[in-house]
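Survey of secondary and tertiary structure
This is what each chain is made of:
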Amino acid sequence: MQLIQAKDYDDMSRKAANIISAQVIMKPDCVLGLATGSTPLGTYANLIDWHKKGDLDFSKVSSVNLDEYRGLPADNDQSYRYFMKTNLFDQVNIDQSKTYVPDGMEPDSDTACRNHDNIIKEMGGIDLQLLGLGLNGHIGFNEPASEFPKGTHCVDLTQSTIEANSRFFASIDEVPTQAYTMGIQSIMLANKILIIASGANKAEIIAKAFLGPVTPEVPASILQMHPDVTLVADEAALSVYLKQKSEMEG
């Protein structure tokens, strides 16, 4: 794993955006795996800014998203399709017919998941997958479990994840309890993985994920097995990791 230390959230966002922009410049028709949530917002803002300055062209880029709430239509302001349109797609020159998010309104979970996996295969796989990191170690909506799920699947969200996402809804009762998410195998098949984290509340889980044992109880720990992972995190998020790593090497 390559570690890139950032000073703060803004610095983390710039450094992560630099890695994504390099991918787009090196391979203009690349497939980007994208993530939602508060952590990537700064990264997307930098990409939008560079595009508007004429430094970044998304016209040949395709994208595939990690996950989507089950039961939310694409035009719902809390759906991940809506999030991506608002925070990236509508502000750059990407062909939105080549941007893929799991279909949250497909009632048959097997069909929804199979369709998303087939799209990834038809695109030739993901060149660079962007990931955030959940407080319980989830990546996408792959929650702690007894085994690593392979392909896209329907997941029951844990109470901690529902509570974390409730800040985006009028009440916790409105938060969907299920989601469609790319599986661990789908994520691990990406050529490159970029994981970003910011803030002291991520410090414990970063240490657990990257210094602890590889276990489905901490889904992100599987990234230790990927040949090309870059972690971009700020000082607060890295505080426990750097301390424990120093003690291990000491």
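Structural notes, computed from the coordinates. (Residues numbered from 1 in each chain as written. Predicted model: local features only at pLDDT ≥ 70, side-chain atom pairs only at ≥ 80, totals over all residues. Heavy atoms only, no water.)

1. Things to note about the packing of aromatic side chains
Put simply, the test is: Whether two aromatic rings pair depends on their centres lying within 6.5 Å, for rings of Phe, Tyr and Trp, where Trp uses its six-membered ring; planes under 30 degrees apart make the pair stacked, over 60 edge-to-face, and the rest tilted. By definition, any uninterrupted DSSP run of H or I lasting at least four residues is a helix, any uninterrupted run of E lasting at least two residues is a strand, and each is numbered from the N terminus.
For the structure on display, the rule yields four aromatic pairs. Measuring from ring centre to ring centre gives 5.8 Å for Y69 and F141, while their planes differ by 40°; the resulting arrangement is tilted. Within this pair, whereas Y69 is found in strand β4 (residues 67-69), its partner F141 is found in the loop between β6 (128-131) and β7 (153-156), the two being separated by 72 residues in sequence. Here a set of aromatic residues connected by ring pairs shows up, and it is made of Y69, Y80, F141 and F169.

2. Re the pairing of β7
Quick note on the threshold: The buried label applies to any residue whose accessible area, calculated with a 1.4 Å probe on protein chains only, is under 20% of its type's maximum; exposed applies above 50%, and partly exposed to all values in between. At least two bridges found by DSSP between two strands is the condition for calling them paired.
Taking every second residue as pointing to the same face, the buried face of β7 carries H153 and V155, while none of C154 and D156 on the other face is buried. Here four bridges tie β7 to strand β8 (residues 178-181), and the two strands are oriented antiparallel to one another. Bridge pairing links D156 to Q178 in β8.

3. Structural notes on helix α2 (residues 41-52)
Counted only if it meets this: Expected helix span is given by 1.5 Å per residue-to-residue step, counting one fewer step than there are residues. By definition, residues are in contact when any of their heavy atoms lie within 4.5 Å.
A rise of 1.5 Å per residue sets the reference length of α2, with its twelve residues, at 16 Å; its end C-alpha atoms lie 16 Å apart and thus fit the reference within 8%. For α2, the complete set of buried residues consists of G42, T43, Y44, N46, L47, I48, W50 and H51. Turning to α2, the residues buried within the fold contact α1 (9-26), β2 (31-34), α3 (80-87), β6 and β9 (192-197). Looking at the residues trailing α2, positive phi occurs at G54, about 90°.

4. What to know about the packing of α1 against α2
Applicable threshold: Inter-axis angles, ranging from 0 to 180 degrees, are taken between N-to-C directions of lines fitted to C-alpha atoms, where helices are fitted over the stretch in contact. Between 65 and 115 degrees an angle is taken as roughly perpendicular, under 35 as roughly parallel, over 145 as roughly antiparallel, and anywhere else as oblique. Two helices that cross are described as forming a left-handed crossing if the nearer one is turned anticlockwise from the farther one by less than a right angle, and a right-handed crossing if clockwise. All residues other than Ala, Val, Leu, Ile, Met, Phe, Trp, Tyr, Cys, Pro, Asp, Glu, Lys and Arg, Gly among them, are scored as polar; the first ten of these are nonpolar and the last four charged.
It is at 8 Å that the axes of α1 and α2 come closest, and there the two elements cross at 55°. Classified by the interaxial angle, the pair formed by α1 and α2 is oblique. Between α1 and α2 lies a crossing of right-handed hand. In contact with Y9, S13, R14, A16, A17, N18, I20 and S21 of α1, α2 contributes L41, G42, T43, N46, L47 and W50. Of the residues assigned to the contact of α1 with α2, the class counts are seven nonpolar, six polar and one charged.

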